[in-house]
Amino acid sequence: MRAADWCRSSTGAALVLATSSDAEHPAESVADGSSKTFWTTTGMFPQELIIGFPKCVKISKVAIQCYLVRTLRIERSTSKDPVGFERCVEKDLQHREGQLQMEEFPLPEFQATYLRFIIKSAFDHFVSVHRVMAEGTAENT
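Residues numbered from 1 in each chain as written. Predicted model: local features only at pLDDT ≥ 70, side-chain atom pairs only at ≥ 80, totals over all residues. Heavy atoms only, no water.

## Comments concerning the side chain of arginine 116
Thought 1: Mapped onto the fold, arginine 116 is located in strand 7 (residues 101-122).
Thought 2: Within the structure, arginine 116 has its side chain in polar contact with the side chain of glutamate 75 (distance 2.5 Å).
Thought 3: The contacts of arginine 116, once residues within four sequence positions are left out, are Glu48, Leu49, Ile50, Arg73, Ile74, Glu75 and Phe85. (Helix = DSSP H or I, 4+ residues; strand = E, 2+ residues; numbered from the N terminus. Polar contact = N/O pair within 3.5 Å; in protein donor to acceptor, adjacent residues only side chain to side chain. Contact = heavy atoms within 4.5 Å.)

Right, dumping it as structure tokens:
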């Protein structure tokens, strides 16, 4: 079976939660597949967003395209509801002035029904998240 990006709204992914809101830069932008649109946070940390998948999927790689994020944690849940999250990875990201941060996290394959992206700290008061990606295949159910 061919791998897909399960964080895209075109695959049935849905934004379940975002801890800040901006009408011009909504959190749903992270799942539209475009680097030109983005979610912007308010000035407090941590900030988080949760993406729900339409079914349980096997994920082999997670990636994020963002700006000004200092510390990022990614967690997963296999529950029917967005609860019981387990840590997948936490990393301090590098900042390059004027350039988007593109971070890939190749991980041991794991199952998930939800992914939670937690921005623990930043290089400034606000950050932008342009895309989140989760490459994997659908579980046979």
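## Looking at the environment of glutamine 101
Thought 1: Looking at the element boundaries, glutamine 101 is found in strand 7.
Thought 2: On the accessibility criterion, glutamine 101 (4% relative accessible area) is buried.
Thought 3: In this structure, the C-alpha to C-alpha distance between glutamine 101 and lysine 80, residues 21 residues apart in sequence, is 32 Å.
Thought 4: Apart from the residues within four sequence positions on either side, glutamine 101 is in contact with Ile64, Gln65, Cys66, Tyr67, Leu68, Val69, Leu93, Gln94, His95 and Phe123.
Thought 5: Within polar-contact distance, the side chain of glutamine 101 engages the backbone oxygen of valine 69 at 2.8 Å.
Thought 6: Here the side chain of glutamine 101 touches glutamine 94 through a polar contact of 3.0 Å, landing on its backbone oxygen. (Buried < 20%, exposed > 50% of the residue type's maximum accessible area, 1.4 Å probe, protein only.)

## Focus on the pairing of strand 7
Thought 1: Strand direction decides the pairing type here: strand 4 (residues 47-67) and strand 7, joined by 15 bridges, are antiparallel. Among the inter-strand pairings, cysteine 66 is bridged to a residue of strand 7, identified as glutamine 101.
Thought 2: Taken together, the eight bridges between strand 5 (residues 69-77) and strand 7 define a ladder with antiparallel strand orientation. Opposite leucine 72, over in strand 7, you have isoleucine 119 as the bridge partner. (Pairing = 2+ DSSP bridges.)

Note that all results are geometric; they support no functional claim without further evidence.
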